Amino acid sequence: MKISERELNRATLGRQLLLRREPLGAADAVRRILALQAQQPESPYLALWNRLDGFDPASLDTAFADRTLLKATLLRITLHAVHREDYPLLRAAMYPTLRATRLGYRYAAAGLTPATADELQPGLLQFADQEPRSNGDMTAWLAERVGEERKDGAWWGLRAYAPLVHAVTGGPWSFGTSPAYVAGPDDSFQGGADAALLELVPRYLAAFGPASVADMAQFATVRRGRVRMAVRELADSLEELEGPDGTVLYDIPGGLRPDADTPAPPRLMAMWDSVLLAHADRSRVIPPEYRPLVTRVNGDVLPTLLVDGKVAGVWRVAETGGIEATAFHDLPSEAWEGLAEEARGLVAWLAERESRVYRRYGHWWKKLPDGQVRVLPG
């Protein structure tokens, strides 16, 4: 079966709750969409505002505070919010990658070995289980064991390699710019990394599919060879499709695939929204010519306008209030009207928390090409 580009777009948007806002709680929604990018504290909140009907940010506050949802370094070695029950699965599937990447480079340059990490980890977790610990607390603890000169390299590796999660520190979005760490839940997974990947593949496809081997490897930061082996083992339980460019795509039986003409409402997407980053081939959501505009040279992924299911520009909070939207191509009046309605809701929603979100990233707008600029909802 061949799937068109537009059908692929609608399938992914539908699974990511972006074709309509759904009446789900925060924790249930995160389980369904698997993970939320969380480098910026406000991004998980905006991601759920785009996806849930009547989303109350207090529900996400509670889920973070009682650790139903966890913020930790996981997929693509970046901060994500995931459900507590999915944390062991994701950790186990990524374990070979975490060990290879986080116990090399700066960690190895400090003269430390993987065996050192294994020796240090139990004590580090016990230290972080007593109360939340800052970066300074952690490096001081490590300095007593590996020495002052090696403490920073040790912490660079262990803060992602060890099963540590971020503790709530307050502020409008539960977490501030100075992180605190606590020991995560038991991250043991029966069967190890390969068994975890076998479970992760269908979970990923349910949330982001249909997808290729390269897409799955990109999402989880695992070697493509491991994904191919998992797909072969799961062959009897997966469907095979031909993508728009002929690439082989996989899907779960019964996976949501809306018609190509299904309306995709406009959205004001969060920075680093997962739907923009979960595939090796991101053209299903981001036109290739716009990818370098929204993903900056240092990896920052700007807040984007989603129009008819695809990135059409970027947005930021205007100095005078409202949402400044920059479109990279001419948009029809109905698209602007839809974006204005979204902006009206977002401005009111942000006013109760922090009206000037993402302000520190405003310098990128000086580097964008000329486009249609409007301040919404005016």
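Refer to the structure printed above.
Residues numbered from 1 in each chain as written. Predicted model: local features only at pLDDT ≥ 70, side-chain atom pairs only at ≥ 80, totals over all residues. Heavy atoms only, no water.

### Focus on helix α1 (residues 5-15)
Of all 11 residues in α1, eight are buried, a share of seventy percent or more. Buried within α1 are the following residues: Leu8, Asn9, Arg10, Ala11, Thr12, Leu13, Gly14 and Arg15. Buried residues belonging to α1 abut α2 (26-33), α10 (192-208), β8 (248-251), β10 (304-307) and β11 (310-317). Leucine 17 lies just past α1 and shows a positive phi near 60 degrees. (Buried < 20%, exposed > 50% of the residue type's maximum accessible area, 1.4 Å probe, protein only. Helix = DSSP H or I, 4+ residues; strand = E, 2+ residues; numbered from the N terminus. Contact = heavy atoms within 4.5 Å.)

### Things to note about the nonpolar core
Leu48, Phe55, Trp315 and Trp349 are the most contacted members of the largest nonpolar core, which has 70 residues in total. Considering every element that reaches this core, the biggest residue donor is helix α14 (residues 333-351), with eight residues. Within the second largest apolar cluster, 64 residues are counted, among which are Leu98, Leu103, Tyr107 and Met216. (Core = buried A, V, L, I, M, F, W, Y, C linked by side-chain atoms within 4.5 Å.)

### What about the pattern of salt bridges?
All chains considered together, the criterion is met by 25 salt bridges. Of the charged contacts in the structure, one is a salt bridge between arginine 31 and glutamate 85, with a shortest N-O distance of 3.0 Å. With arginine 31 in helix α2 and glutamate 85 in the loop between β3 (79-83) and α5 (87-102), this pair connects stretches of sequence that are 54 residues apart. The class of glutamate 85 is exposed, set by a relative accessible area of 55%. Note that arginine 267 is salt-bridged to glutamate 342, the shortest N-O span being 3.5 Å. In this pair, arginine 267 is assigned in strand β9 (residues 267-268) and glutamate 342 in helix α14, connecting sequence segments 75 residues apart. (Salt bridge = Lys/Arg side-chain N within 4 Å of Asp/Glu carboxyl O.)

### Here's the deal with the sheet that holds strand β2 (residues 69-73)
Spatial ordering of the open sheet is given by β1-β3-β2, a layout of three strands whose pairing is antiparallel. Where the open sheet ends on each side, the last strands, each with one partner, are β1 (36-37) and β2. Direction of pairing for β1 relative to β3: antiparallel, over a ladder of two bridges. Each bridged residue has a counterpart across the sheet, and for leucine 36 the counterpart in β3 is alanine 81. (Pairing = 2+ DSSP bridges.)

### Some thoughts on the side chain of threonine 116
Residue position: threonine 116 is located in helix α7 (residues 114-130). Under the relative-accessibility criterion, threonine 116 is labelled buried at 18%. If we ignore the near neighbours within four places in the chain, the residues touching threonine 116 are Tyr107 and Val146.

### So, the sheet that holds strand β5 (residues 164-166)
Strands sit in the order β4-β6-β5 across an open sheet of three strands; the sheet is antiparallel. Edge positions in the sheet fall to β4 (133-134) and β5, since each has one partner strand and no second. As defined by bridge partners, β4 adjoins strand β6 (residues 180-183) across two bridges and the pair is classed as antiparallel. Considered in β6, the bridge of arginine 133 is made with tyrosine 181.

### Examining the pairing of β10
Residue alternation in β10 divides its side chains into two sets, Thr304 and Leu306 and Leu305 and Val307, and both sets are buried. Examined bridge by bridge, β9 and β10 share two bridges and lie antiparallel to one another. Residue pairing across strands places arginine 267 opposite leucine 306, the latter belonging to β10. Bridge analysis of β10 against β11 gives four bridges, and the strand direction is antiparallel. Across the sheet, the residue bridging to valine 307 is lysine 310, located in β11.

### Quick notes on the side chain of histidine 83
You can see histidine 83 is positioned in strand β3. Of note is the side chain of histidine 83, whose polar atom sits 3.0 Å from the backbone nitrogen of glutamate 85. If sequence neighbours within four positions are ignored, histidine 83 has contacts with Ala27, Val30, Arg31, Thr68 and Leu69. (Polar contact = N/O pair within 3.5 Å; in protein donor to acceptor, adjacent residues only side chain to side chain.)

### As for the pairing of β3
Taking burial as the measure, the five residues of β3 include five buried ones, the bulk of the element. Where burial is concerned, the two faces of β3 agree: the one with Leu79, Ala81 and His83 and the one with His80 and Val82 are both buried. Here β2 runs beside β3; their pairing, made up of five bridges, is antiparallel. Bridge pairing in β3 places alanine 72 opposite histidine 80. Counting the residues in the hairpin turn of β2 and β3 gives five residues, including arginine 76, whose phi is positive at 55 degrees.

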